[in-house]
Amino acid sequence: MLALLAAAPPVLAQTDDAVLKAAYIYNIAQFTAWPAGAGTRPLNVCVGSGHVLWESLRRLQGKPVEGRRLAIVEPAPGTVCDVAVLPAGAERAAGDGATLVIVDEPAGGYAGAVALVEEDQRLRFDIDTKEAARAGLRFSSRLLRLARNVR
């Protein structure tokens, strides 16, 4: 799984880009530790149905993540979001409770716990460990080593 993150091919088309980003999101979730108490309920990935990653993430529905199953859901009042995927241009975002905020191509640098960025026609990611800690999340050291930037 981590090999996918380390050896990402150049980003060629929007469809390929969306599939690759969805794979990154899934793998990042695999190497994130949430606080105890979630039990075996699905790991909800909240993303708007109009988001460019919606279809690619939906293909991952039901995949296992640390004893839980991935559920791709639209954010709605009362929905518990374990992962919130925000669109390009999100400046700064904070999750509620133990939410891993992932921003796709943030306009102003760090914008959540994880930022997906394209650099030299390759997909990379930045991690903000302080933002993750505020949400009660921890990242695997293996994931941190693969990040472009960690702060």
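Residues numbered from 1 in each chain as written. Predicted model: local features only at pLDDT ≥ 70, side-chain atom pairs only at ≥ 80, totals over all residues. Heavy atoms only, no water.

If you look the protein chain up in an unreviewed UniProt entry, it shows as DUF4154 domain-containing protein from Pseudoduganella umbonata.

Side note on the overall build of the protein chain
The line we're drawing: A run of DSSP states H or I qualifies as a helix once it reaches four residues; a run of E qualifies as a strand once it reaches two. Both are numbered from the N-terminal end. When accessible area is computed with a 1.4 Å probe and restricted to protein chains, residues below 20% of their type maximum are described as buried, those above 50% as exposed, and intermediate ones as partly exposed. When checking whether two residues touch, look at their non-hydrogen atoms; a contact exists if any pair is within 4.5 Å. Accessible surface is estimated by sampling points in the Shrake-Rupley manner with a 1.4 Å probe; for residues, cover comes only from the protein chains shown.
Looking only at helices and strands, one finds five helices and 10 strands in the protein chain. Within the protein chain, buried positions represent 46% of all 151 residues. The contacts of the protein chain with a sequence gap of at least 6 include a subset with a gap of at least 24, amounting to 54%. Just so you have it, the protein chain exposes about 7400 Å², and 52% of that area is on carbon and sulfur atoms.

Comments concerning the sheet that holds strand β5 (residues 83–86)
Quick reminder of the rule: Two strands pair under a simple rule: DSSP has to find at least two bridges between them.
Sheet architecture is open: eight strands sit in the order β3-β4-β2-β5-β6-β7-β8-β10, paired in mixed fashion. Two strands in the sheet have a free side with no partner beyond their single neighbour: β3 (64–65) and β10 (149–150). Pairing of strand β7 (residues 114–119) with strand β8 (residues 122–127), which is carried by six bridges, proceeds in the antiparallel orientation. Paired with Leu116 across the two strands is Phe125, which belongs to β8.

Section: the environment of Cys46
Note that Cys46 resides in strand β2 (residues 43–46). The spatial distance from the C-alpha of Cys46 to the C-alpha of Val83 is 6.0 Å, given a sequence separation of 37 residues. Beyond its immediate sequence surroundings of up to four residues, Cys46 is in contact with Val73, Pro75, Thr79, Val80, Cys81, Val83, Ala84 and Val85.

Notes on the nonpolar core
Rule in force here: For this analysis, a nonpolar core means a set of buried residues of the types Ala, Val, Leu, Ile, Met, Phe, Trp, Tyr and Cys, connected via side-chain atoms within 4.5 Å.
Counting 36 residues, the largest nonpolar core has Leu57, Val83, Leu100 and Phe125 as the members making the most contacts within it. Put simply, the parts of the chain that give this core at least two residues each are α2 (14–30), β2, α3 (54–58), β4 (68–73), β5, β6 (100–104), β7 and β8. Beyond its immediate sequence surroundings of up to four residues, Leu57 is in contact with Ala22, Ile25, Val45, Val47, Ile72 and Val85.

Let's talk about the pairing of β6
Of all five residues in β6, five are buried, a share of seventy percent or more. The alternating pattern of β6 places Leu100, Ile102 and Asp104 on one face and Val101 and Val103 on the opposite face, and all of these are buried. Two elements, β5 and β6, share four bridges in a ladder whose sense is parallel. Bridge pairing links Ala84 to Val101 in β6. Relative to β7, β6 runs parallel, the two sharing three bridges. By the bridge assignment, Asp104 is partnered in β7 with Leu116.

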